[in-house]
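Inside the fold
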Amino acid sequence: MRRIWLVLSAAFMADGAPANAQGLDISAVLEARYAFGTQSGRSQSAELEFRPKWDLAFSDAWEFRGEVRIRADAFDRLEVGRPSQETISALTKRVLIGQSTEIELREAYLQYSGDLSTVRIGKQQIVWGRSDGIKVLDIVNPQSYREFVLDDFDQSRTPLWSLLLERTIGGLDFQGFWIPDRSFNEAPPRGSVFEITAPEFVPTFWQAPPYPVSLQETERPQGGLNASEVGFKVSGLIGNWDFSLNYLHTFEDTPFFDLEIVPPALAITSKFNRVDILGGSFANSWGDFTVRGEATYTMDANIPVGLLPSDTLTPARSDVFKYLIGIDYFGIPDTFVSAQFFQKINMSKVPNALSPDVEELSTVTVRHDLPGGDWQLDFRWYANHDSNDGLFRMLAKRRINDRMTASVGGDFFYGRKDGIFGQFREADRVHFSVAYHY
């Protein structure tokens, strides 16, 4: 494996870019945010966040990029106490200062950029797909659910230590990467505002267990190189169709629950399932319309089931097919309109499954820039058709000057308490923020 990557790296860097020193570029964002729970009648968060970035160019071809996020929250309600970070690798964990402040290295990578190739090594995000607000092909980096899906994905993704190679050959773009960083999705602790309680994400018993329940420490994959992840992508144009073909050898980022009777208790251990994922995407435009889509096929995926505590369970498995179709419309001046339809299909019937064999979700987005360009209004609706729950999001953003922006908005959940969105119906909020860029 090591020899293969050395040969690939040499081939990818064989286009000889010039070398002229460029210097250091530093920028930063200082942002203050406040959120108030309209159902709870109390503050959810009052955060101050500082994000310095730097770009050190050694030449036209070589540069080093970094970003740090320093965040303090006055109320400690989004992640109550000190998060265990048990699903995060040692080199990727945040540095926690007390219960209110954290420091996280968001980027730190060395990049070579040639005429036809790119090599990037270090802590980074690798983003696949073109869906908006729903993850289908965006499966390389895990995610923090500190604010469920309300935070921007570029801020909620967990950057991973990885090696990325990209090369253009004959009009096609080839990408390959290796990820030795075994970090996974991170859920907020119990008692947090967005604590996950929906049955398909937490251990759920069809009947009371005959033994006391003992939650064991999460088991992260072991095994050195054999437990790392690799991915490949080919993208390009066929006529007017933009397409990609994707493959990922990975672990599912959400754990499954392994049960074992260890007298006098029923031991539940969170483990991670190794899977292979095939995927692809497409897009084309006609006049004011753009049609886009993406899909994944996961082999031998974990299927959450209701637990029968009298038995030692073998985790349920099935191949899973997911796809999303989106239509974007640009025909109204200063307005963007988008609709998406998502479906998840279990290819095998799974007894006692906690989610339907076919799940469906739709989204509608309307974004409008007011005259003058200083104000932008954004409305989004997420609808889960299986449990009849959903989410309304509204945001008004104002550009005060070239360096400062402000926003005010609201997020409102509805539906059944056991639904993906309805589980947070008591977490409705209004929020505002001010950001300064320099």
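Attention here is on the structure that accompanies the text. (Residues numbered from 1 in each chain as written. Predicted model: local features only at pLDDT ≥ 70, side-chain atom pairs only at ≥ 80, totals over all residues. Heavy atoms only, no water.)

**Focus: the overall build of the protein chain**
- Regarding its fold elements, the protein chain presents two helices and 22 strands.
- For the protein chain, the C-alpha radius of gyration of 23 Å lies close to 22 Å, the compact-globule estimate for 438 residues.
- Referenced to the eigenvectors of the C-alpha coordinate spread, the extents of the protein chain come out at roughly 70 × 55 × 50 Å.
- Buried residues in the protein chain amount to 46% of all 438 residues.
- Considering only contacts in the protein chain between residues 6 or more positions apart, those separated by 24 or more positions represent 61%.
- Carbon together with sulfur atoms contributes 58% to the accessible area of the protein chain, which is approximately 21100 Å² in total.
- Each charge sign in the protein chain was given a centre, from 43 positive and 58 negative side chains, and these centres are 3 Å apart. (Helix = DSSP H or I, 4+ residues; strand = E, 2+ residues; numbered from the N terminus. Rg over C-alpha atoms; globule rule 2.2 N^0.38 Å. Buried < 20%, exposed > 50% of the residue type's maximum accessible area, 1.4 Å probe, protein only. Contact = heavy atoms within 4.5 Å. Areas by Shrake-Rupley, 256 points an atom, 1.4 Å probe, with all protein chains shown as cover. Lys, Arg positive; Asp, Glu negative; His and termini not counted. Charge placed at Lys NZ, Arg CZ, Asp CG, Glu CD.)

**Some thoughts on unusual backbone geometry**
- In this model, Asp76 sits at a positive phi of 55°, which is unusual for a non-glycine residue.
- Within the element layout of this structure, Asp76 appears in the loop between β3 (62-73) and β4 (95-97).
- Taking the relative accessible area as the measure of exposure, Asp76 reaches 18% and is therefore buried.

**Regarding the side chain of Glu102**
- Tracing the backbone shows Glu102 in strand β5 (residues 101-113).
- On the accessibility criterion, Glu102 (6% relative accessible area) is buried.
- One polar contact links Glu102 to Arg71, side chain to side chain, over a distance of 2.8 Å.
- A distance of 2.7 Å separates polar atoms of two side chains, one belonging to Glu102 and the other to Arg94.
- Among all residues touching Glu102, those that are not within four sequence positions of it are Arg69, Ile70, Arg71, Glu79, Arg94, Val95 and Leu96. (Polar contact = N/O pair within 3.5 Å; in protein donor to acceptor, adjacent residues only side chain to side chain.)

**Focus: the packing of aromatic side chains**
- Under the defined criterion, the tally for this structure stands at 22 aromatic pairs.
- Three or more aromatic residues joined by ring pairs form one cluster here, namely Phe148, Phe194, Tyr382, Phe413, Phe421 and Phe424.
- Over the aromatic face of Phe251 sits the side chain of Arg274, whose NZ or CZ is 4.1 Å from the ring centroid.
- Above the face of the Phe256 ring, Arg317 is positioned so that its terminal group lies 4.7 Å from the ring centre. (Phe/Tyr/Trp six-rings, centres within 6.5 Å; stacked < 30°, edge-to-face > 60°. Lys NZ or Arg CZ within 6 Å of the ring centre and 35° of its normal.)

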